Amino acid sequence: MKLFSMFFLFFLFLSCKDKEVKKELLKISISVNLLEDDNIKLYYILDEKGTYNERNSIEVEVKGSLDVQSVEFVLKQMPYKFRIDLGDNRNKSEVHFSAINISFKNKIITINENTIHRFFNPNIYVSLSANGYLRKEVDNRYDPFIESTALLQKKMQIEF
């Protein structure tokens, strides 16, 4: 009986701990319009001394569509900084974000298409267009991404 009680308490402890961990997940949900099949990848850095690497990345395959699609990334830790890679298939079409939602616990930061430029900076392989971001090659190289700004990092620290 004593053994059974200890086993039950141990199991209860583990199940409560699991629920606690699930609440601590950070979700980045992107409402995006991509015309061609491609991959969207999220790279993240966990502290200010870190660098982007494959170990700290999540890739999602997106089918080309005229409709807005939702792409979700789930992180087990709060990133210091992150970037969203806008494809690797050398497509040169526009990428349009209607919203980016970052949620942690019960709080949400919503970035809409009118404010995205305040919270993300494009690199040299991306230029702003009337409807979003235009992906392009530079010197026969292709690596389009947008990166979180210091303003977004501060907002996440304050709100989460």
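In what follows, the accompanying structure is described. Fair warning: this is a prediction, and the values are worked out from it, not measured in the lab.

**A closer look at the layout of surface pockets**
Of the volumes computed, that of the largest pocket is approximately 190 Å³. Residue lining of the largest pocket: His96, Phe97, Glu113, Asn114, Ile116, His117, Leu128, Ser129, Ala130, Asn131, Gly132 and Tyr133, and that is the complete set. Every element with two or more residues in the lining of the largest pocket is listed here: strand E6 (94-104), helix H2 (116-119), strand E9 (126-129) and strand E10 (132-135). Its residues assigned to classes, the lining of the largest pocket comprises 5 nonpolar, 6 polar and 1 charged.

**Remarks on the sheet that holds strand E3 (residues 57-62)**
Ordered by their spatial adjacency, 5 strands build an open sheet running E3-E2-E5-E11-E8, and the pairing between neighbours is antiparallel. Pairing within the sheet leaves two strands with one partner each, and these edge strands are E3 and strand E8 (120-122). On average, adjacent strands in this sheet sit at an angle of 20 degrees to one another, irrespective of strand direction. With 6 bridges connecting them, strand E2 (residues 38-45) and E3 associate as antiparallel partners. What sits directly across from Lys41, in E3, is Glu59.

So, how was this worked out
- Residues numbered from 1 in each chain as written.
- Predicted model: local features only at pLDDT ≥ 70, side-chain atom pairs only at ≥ 80, totals over all residues.
- Heavy atoms only, no water.
- 1 Å grid on protein atoms, 1.4 Å probe; cavity = no way out; pocket = protein on both sides within 12 Å on 5 of 7 lines; lining within 4 Å.
- Points joined across faces, edges and corners; volume = space filled by probe spheres on them.
- Helix = DSSP H or I, 4+ residues; strand = E, 2+ residues; numbered from the N terminus.
- Nonpolar A, V, L, I, M, F, W, Y, C, P; charged D, E, K, R; others polar.
- Pairing = 2+ DSSP bridges.
- Axes fitted to C-alpha atoms, helices over the stretch in contact; angles between N-to-C directions.

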